[in-house]
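Working through the structure, step by step
Here are the chains, one letter per residue:
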Amino acid sequence: MIGAGVAGACVLRAVARTSHALGFADLRLSLFERAPGPAASASAVPVAVVHPMTSRDHNLASQFFLEGVTTLTRWLDDLQGCQQGWADMSGVDHREPHAEQTERQPGGWVLPIGLAQACLRDAHAHMADRLQLHFNCAILPVDLSVLLQTYDAVVICAATDRLLPDAGLALQPLSGQVSWVSVAKGQDAIHSQIPRVVSGEGFLTPLISGRVQFGATFHRSDSPPLVSLADHQRNIAQLRRLAPEVDQRLAPKPERCGGWAGTRYATRDRLPHIGQPVCPTVYKGKTDRWQLAPSVSQLHQLPRHDGIYVLLGLGARGLSTAALGAEAIAAEVLGIPPILAPRICRAVDPGRFVLREHARVNACLKRVD
Ligand SMILES: Cc1cc2nc3c(=O)[nH]c(=O)nc-3n(C[C@H](O)[C@H](O)[C@H](O)COP(=O)(O)OP(=O)(O)OC[C@H]3O[C@@H](n4cnc5c(N)ncnc54)[C@H](O)[C@@H]3O)c2cc1C
């Protein structure tokens, strides 16, 4: 496993539990993380809201996110996240812009560091000394072939596509900021005003450890994100539109807000990559075309990178999909039947952009002929 954000920690737990249930007593797991501890990058966001944001026609993405929230809720029950105070899944009040009514949806909030640590503890409980954690250990692209000689499978959960830059994963960096106001003890009325997460255009959390968090901003940028007054201002303006009554009570001022900034990596269709990426033999290299026969038109026809699996591109809603993605990867790695419906498997297939580009180029060539 490479990366100990929520994705890597969830995969570690899913593989440890599933292999234990299957009686794979010889299986060994190693995790490599360049930071000194878990949840050090995007997963360091202090509070993450979890919500399915279902579409009216309940399209494929909507079905996937709802299944993701259901899976996470089950994990939080097992890991006692709500009892231990690092999660609350009592629902989300969803407000569409300009709509009068609020719709109650499943979801809530999670402290990502709490989830990552609980997953590592649970994996250790199942694996004991068959699990090795290597922090302060960055993996380079050239190390992948060495890892493949040592391990049967390598799961990349490093958020970006830097370890597989030519695999057509097309991940975009989106930096951003959350803001919060600290609420002094005794101002308990805020509890009744925000009993649960509010989502819509942006989000707002209830009072958690003395803070109400709201946001977030989005910038297409890979440069190290810094907390800025301008982004506090954007978040406050969004809060005013989402929950004017809360904005009035909190009266947040940019210079008095706290904040955290980070970068999430997302795909063009905002669905993650779950599964095996394409094999290096099809990489474009210096040409402008994937090395695929014109007859290749289906995902199952793409040659795959043997032994490599990815859970990447979790984007702005990683907490809603990490647990489900992890269970899907564990099933693939351990060779048990897929847990995702075939239509959803295809929607999150790491080869989908390669196939779409191949089909587009083929269609252009046919027109020229
Ligand atoms: C401002 C902001 C607000 C957000 N709010 C929410 C929210 O409310 N709800 C929600 O669900 N999501 C939210 N997100 C998104 C969420 O944080 C991400 O989707 C999620 O944390 C991604 O998890 P990850 O494990 O894929 O990536 P990361 O947390 O980035 O983890 C990747 C890990 O891989 C390690 N790594 C990278 N390269 C290497 C290497 N070569 N060798 C070894 N280790 C490596 C990194 O050090 C890192 O620890 C927000 C993100 C931001 C930036």
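A short tour of the structure in this document, coming up. Bear in mind the structure is a predicted one, so any value in this text is a computation, not a measurement.

What to know about the sheet that holds strand 10 (residues 197–200)
Strand pairing in a sheet takes place through backbone hydrogen bonds and is either antiparallel or parallel in direction. What the seven strands build is an open sheet, ordered 5-4-10-11-12-9-13; its pairing is mixed. Both edges of this open sheet fall to strand 5 (102–105) and strand 13 (258–266), since each of them pairs with a single strand only. Averaged over all adjacent pairs, the angle separating strand axes in this sheet is 25 degrees, with direction ignored. Sheet topology places strand 4 (residues 92–95) next to strand 10; three bridges connect them, and they run parallel. Paired with His94 across the strands is Ser199, a residue of strand 10.

Overview of the side chain of Glu33
With respect to the secondary-structure elements, Glu33 resides in the loop between strand 1 (29–32) and strand 2 (48–50). For the buried Glu33, no salt bridge exists, and the shortest N-O distance to an oppositely charged side chain is 4.9 Å, to Arg34. Those residues in contact with Glu33 that sit more than four places away from it in its chain are Gly3, Ala4, Gly5, His134, Phe135, Asn136 and Cys137.

Regarding the site of the ligand
Taken together, 34 residues lie near the ligand, and Glu33, Ser43, Val49, Ile139 and Gly315 sit nearest. Within the contact set of the ligand, an oxygen atom lies 3.1 Å away from a side-chain nitrogen or oxygen of Arg34. One nitrogen or oxygen atom from the main chain of Gly315 is found 2.6 Å from an oxygen atom belonging to the ligand. Burial of the ligand by the protein chains amounts to 96% of its free accessible area of 1000 Å². Residue composition of the shell around the ligand, by class: 20 nonpolar, 10 polar and four charged. Counting the residues that make up the shell around the ligand, at least three belong to each of domain 1 (6–92 + 107–171 + 268–368) and domain 2 (174–262).

A word on the nonpolar core
For soluble globular proteins, nonpolar side chains are generally found buried alongside one another. The biggest cluster of nonpolar side chains holds 67 residues, and the ones touching the most others in it are Val11, Trp86, Val110 and Leu115. Here this core gets nine residues from one element, more than from any other, and that element is helix 1 (residues 6–22). Two domains each put at least three residues into this core: domain 1 (6–92 + 107–171 + 268–368) and domain 2 (174–262). The residues touching Val110, leaving out its near neighbours within four places in the chain, are Val47, Ala48, Val50, Leu72, Leu76, Trp86, Ala87, Leu115 and Leu319. Judged by nonpolar contacts, the second largest core, of 25 residues, contains Leu147, Ala167, Leu302 and Leu355.

Quick notes on helix 2 (residues 60–79)
Quick reminder: α-helices carry 3.6 residues per turn. Residues three or four places apart thus point the same way. Taking 1.5 Å as the rise per residue, helix 2 with 20 residues should run 28 Å; its terminal C-alpha atoms sit 28 Å apart, in good agreement. Inspection of helix 2 places Ser62, Phe64, Phe65, Gly68, Val69, Thr71, Leu72, Trp75, Leu76 and Leu79 among the buried residues, and these make up the whole buried set. Among the residues of helix 2, the N-terminal cap falls to Asn59, whose side-chain oxygen and the backbone nitrogen of Ala61 are separated by 3.3 Å. Looking at the residues trailing helix 2, positive phi occurs at Gln80, about 60 degrees.

Considerations on the layout of surface pockets
Size it by volume and the second largest pocket reaches roughly 410 Å³. Lining the second largest pocket are 20 residues, and of these Leu299, Arg304, Cys345, Arg346 and Asp349 sit closest to its centre. Of all elements in the fold, only strand 14 (273–275), helix 8 (322–334) and helix 9 (342–347) reach the threshold of two or more residues within the lining of the second largest pocket. Ranked by the residues each element gives to the lining of the second largest pocket, the list is headed by helix 8, at three residues. Tallied by class, the residues present in the lining of the second largest pocket amount to 11 nonpolar, five polar and four charged.

Focus on the sheet that holds strand 14
One open sheet accounts for three strands, arranged 8-15-14; its pairing is mixed. Looking at which strands have only one partner, the edges of the open sheet turn out to be strand 8 (154–156) and strand 14. The sheet shows a mean angle of 25 degrees between the axes of neighbouring strands, taken without regard to direction. Judged from the three bridges that link them, strand 14 and strand 15 (residues 308–312) form a sheet pairing that is antiparallel. The residue bridging Ile274 from the neighbouring strand is Leu311, located in strand 15. Contacts between helix 4 (residues 143–150) and the sheet are confined to strand 8 and strand 15, with strand 8 contributing the most and set at about 140 degrees to the helix.

Observations concerning the pairing of strand 9 (residues 172–182)
Sheet faces and side chains relate simply in a regular strand, where the side chains alternate between the two faces. Along strand 9, nine of the 11 residues are buried, which leaves the element largely enclosed by surrounding structure. When strand 9 meets strand 13, the two strands line up antiparallel, connected through nine bridges. Bridge assignment links Trp180 to a residue of strand 13, and that residue is Gly258. Both strand 9 and strand 12 (residues 211–215) contribute to a ladder of five bridges, which runs antiparallel.

Re unusual backbone geometry
Trans is the prevailing form of peptide bonds, just as negative phi is the prevailing case for residues other than glycine. With omega at -5 degrees, the peptide bond leading from Gly215 into Ala216 counts as cis. Following the sequence through the fold, Ala216 ends up in the loop between strand 12 and helix 6 (229–242). One non-glycine residue, Ala251, adopts positive backbone phi at about 40 degrees. In this fold, Ala251 is placed in the loop between helix 7 (244–250) and strand 13. Take Ala251: its relative accessible area is 39%, and that puts it in the partly exposed class.

About the cut-offs
- All residue numbers here refer to positions counted from 1 along the written sequence of the relevant chain.
- In keeping with the model being predicted, local features are shown solely for residues with a pLDDT of at least 70 and side-chain atom pairs are shown and tallied solely at 80 or more, while totals for entire chains, interfaces and linings include all residues.
- Side-chain measures were taken over the full set of non-hydrogen atoms in the model, leaving aside hydrogen atoms and water.
- Whether two strands pair comes down to DSSP finding at least two bridges between them.
- Per the convention used, a helix needs a DSSP run of H or I reaching at least four residues, while a strand needs a run of E reaching at least two, with both numbered from the N terminus.
- Working convention: axes come from line fits to C-alpha atoms, limited for helices to the stretch in contact. Angles between N-to-C directions cover 0 to 180 degrees.
- Summary of the burial criterion: residues with accessible area below 20% of their type's maximum are buried, those above 50% are exposed, and those between are partly exposed, where the area comes from a 1.4 Å probe applied to protein chains only.
- When charges are tallied, Lys and Arg are placed among the positive residues and Asp and Glu among the negative ones, while His and the ends of the chain are skipped.
- The salt bridge definition used is simple: a Lys or Arg side-chain nitrogen within 4 Å of an Asp or Glu carboxyl oxygen.
- Here a residue-residue contact requires only that any non-hydrogen atoms of the pair lie within 4.5 Å.
- Throughout this document, a residue counts as near a molecule or strand when at least one of its heavy atoms sits within 4 Å of that molecule or strand.
- Two N or O atoms count as a polar contact when they lie within 3.5 Å, although within protein this holds only if one can serve as hydrogen donor and the other as acceptor, and sequence-adjacent residues are included solely when both atoms are side-chain atoms.
- Note on areas: Shrake-Rupley, 1.4 Å probe, and residue coverage restricted to the protein chains presented here.
- Residues are grouped as follows: Ala, Val, Leu, Ile, Met, Phe, Trp, Tyr, Cys and Pro are nonpolar; Asp, Glu, Lys and Arg are charged; every other residue, Gly included, is polar.
- Domain extents, as shown, originate in an automatic or database domain assignment.
- Here the nonpolar core consists of buried residues drawn from Ala, Val, Leu, Ile, Met, Phe, Trp, Tyr and Cys, with membership extended through side-chain atoms lying within 4.5 Å.
- In this scheme, a helix's expected span is set at 1.5 Å multiplied by one less than its residue total.
- Of the two site types, the cavity is a set of points on a 1 Å grid over the protein atoms alone where a 1.4 Å probe fits but cannot get out, and the pocket is an open set with protein on both sides within 12 Å along at least five of seven lines, each lined by residues with an atom within 4 Å of a point.
- Grid points are joined across faces, edges and corners, and a volume is the space filled by probe spheres set on the points.

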